[in-house]
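# Summary of the model geometry
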Number of protein chains: 2
Amino acid sequence: MVVHVSREGQGLRERKKQETRIALSWAAIKLAVERGLENVRVEDIAATANVSPRTFNNYFSSKGEAIAARHLDRARLFAQELRRRPASEPLWEAIKNSVLTQLSLGQDYGDGQPDQQWQTGIRLMISEPSLQGEMLKANAIAEEELAAAIAERTGTDVTRDLYPRLVAGATGAAIRVAMDQWLRADPPVSIRPLIEEAIGRLAAGLPEP
Amino acid sequence: MVVHVSREGQGLRERKKQETRIALSWAAIKLAVERGLENVRVEDIAATANVSPRTFNNYFSSKGEAIAARHLDRARLFAQELRRRPASEPLWEAIKNSVLTQLSLGQDYGDGQPDQQWQTGIRLMISEPSLQGEMLKANAIAEEELAAAIAERTGTDVTRDLYPRLVAGATGAAIRVAMDQWLRADPPVSIRPLIEEAIGRLAAGLPEP
DNA sequence: GACCATTTCTGCGTGTCACGCAAAAATATG
DNA sequence: CATATTTTTGCGTGACACGCAGAAATGGTC
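As a starting point, this report considers the structure included with it. Values in this document were obtained by computation on a predicted structure and should not be read as measured data.

## So, the environment of E134(B)
All names here are of chain B. Its place among the elements puts E134 in helix α7 (residues 129-154). Along the chain, E134 and G64 lie 70 residues apart, while their C-alpha atoms are 6.2 Å from each other. Discounting chain neighbours no more than four positions away, the residues touching E134 are S62, G64, E65 and A68.

As structure tokens, this is what we get:
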């Protein structure tokens, strides 16, 4: 039916690829949350995404990578968001706002509660040892992009100056610490104040309390 | 022959365990560096360490974990070293000195050049994707211990205050950034000034250059 | 020095997995 | 509609993680 529409992202081919990628990732998360990671075979994930088992490995080289993929996408958005902030904003202000914005965007993702599903996913990645590495790897990738964005913003050179990667690394650490605290809070708390505090302290130069 | 010597670590049993653990780890690194990771089977590693293949998995649950084990041990020393520093020393000073001290200790490890072998090992872990996750995992574990040490030193609470984990996370990031720069320096440079600069910037509150 | 409890090592079997390869299907281009 | 490119699929192979249970080694005791 379509003839030459194409350009709305990169053509139908690219779009379908992204769709299956996301479908596989969601399927992996869903099944892992339902049954527990060890009771999910690659075969099941592929079936849930209506794809052959072999195709799964064309997209991900392990179950863990598939599950972490959504987390990676989320983290990537953060760097993208930073590039969009006005240059007038002070760096740490921009960083903080980027994180918070990206958190809001994540709200209306799937079908279930806002970030209930997300929290469950994160918990899964933290509890299962085989997923921890994948999550850390995703964080590292996102941190690289973040460093590039920071370098661009501050007019520094990622390959020569330590500064952009230091800020990116510290920011990543701050986000991880805030999330960690958020996850272990027994009377559950909102994550935003935690993020604000963590990044605020960094911006203030980590003064001893 | 021995009767009741025992206490010099934790008894002969514990010592032999550590020995095989280290032997397995070294064997894994050595073989991986020589042949490339993909050409090393668990069987080979076990054979090199004079142990049955099944025993390998009693110590490590993957090739990658075995290789990262040395890195983990090294990183653990850092937190231990921090506990030893005099309480009079300012925190960042103590952190910097701990890293530098631990770097010096690492000098006289194996048989080859001082840290030539170490550098090779790190390169291996960074280049092989399947090892990156393991190294990050090791870093994360070391960071936890570091956070505990910092909390102890500053009289803060790891479970309630964000501070100790923020400092630990930022420090970990600084070390990673410094190492990264060290590895990619084409006319090779010494790592110490890089570490000093990275941690120095953190201590100064990450001022924009 | 012999004896028992505990811990560690080992061999075997099993289910899972990652990946190379080549044919088939889908999509793009002209 | 025809052809080129990319993606999906099926099949086969080698490697691996791990449970289980017996053998071996070690530590402490009489």
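## Considering the relation of the copies chain B and chain A
By a simple turn and slide, chain B fits onto chain A: the slide is 0.0 Å along the axis, the RMSD is 0.0 Å, and the turn is 180 degrees. Put plainly, the chains are arranged around a two-fold axis. Rotation axis and chain B: the residue whose C-alpha lies nearest the axis is G205(B), separated from it by 1.8 Å. With an isologous cut-off of 70% or more, the 100% of interface residues of chain B that recur at the interface of chain A puts this contact in the isologous class.

## Side note on the packing of aromatic side chains
Counted under the stated rule, the structure contains four aromatic pairs over all chains. Plain terms: the ring middles of F56(B) and F60(B) are 6.0 Å apart, the flat faces sit at 50 degrees to each other, and that makes the pair tilted. The residue whose ring lies beneath R74(A) is W118(A), and the NZ or CZ to ring-centre distance is 4.0 Å.

## Regarding the interface of chain B and chain A
Listed by partner, the interface residues are 35 residues for chain B and 35 residues for chain A. At the boundary of chain B with chain A, total buried surface from both sides reaches about 3000 Å², with 67% on carbon and sulfur atoms. When the area that chain B buries against chain A is broken down by residue, the three leading residues are L162(B), L166(B) and L206(B), summing to 22%. Counting across the chain B and chain A interface gives two salt bridges. The salt bridge involving D180(A) is made with R165(B); its shortest N-O contact spans 2.7 Å. Elements with a minimum of two residues in the side of chain B that touches chain A: α5 (91-105), α7, α8 (163-184) and α9 (191-203) of chain B. With 13 residues, α8(B) is the largest single contributor of residues to the side of chain B that touches chain A. Looking at the side of chain B that touches chain A residue by residue, the class counts come to 18 nonpolar, eight polar and nine charged.

Conventions we followed
- Residues numbered from 1 in each chain as written.
- Chains lettered and ligands numbered in written order.
- Predicted model: local features only at pLDDT ≥ 70, side-chain atom pairs only at ≥ 80, totals over all residues.
- Heavy atoms only, no water.
- Helix = DSSP H or I, 4+ residues; strand = E, 2+ residues; numbered from the N terminus.
- Contact = heavy atoms within 4.5 Å.
- Least-squares fit on C-alpha atoms with pLDDT ≥ 70 in both.
- Phe/Tyr/Trp six-rings, centres within 6.5 Å; stacked < 30°, edge-to-face > 60°.
- Lys NZ or Arg CZ within 6 Å of the ring centre and 35° of its normal.
- Buried area = accessible area lost by both parts, 1.4 Å probe.
- Salt bridge = Lys/Arg side-chain N within 4 Å of Asp/Glu carboxyl O.
- Nonpolar A, V, L, I, M, F, W, Y, C, P; charged D, E, K, R; others polar.

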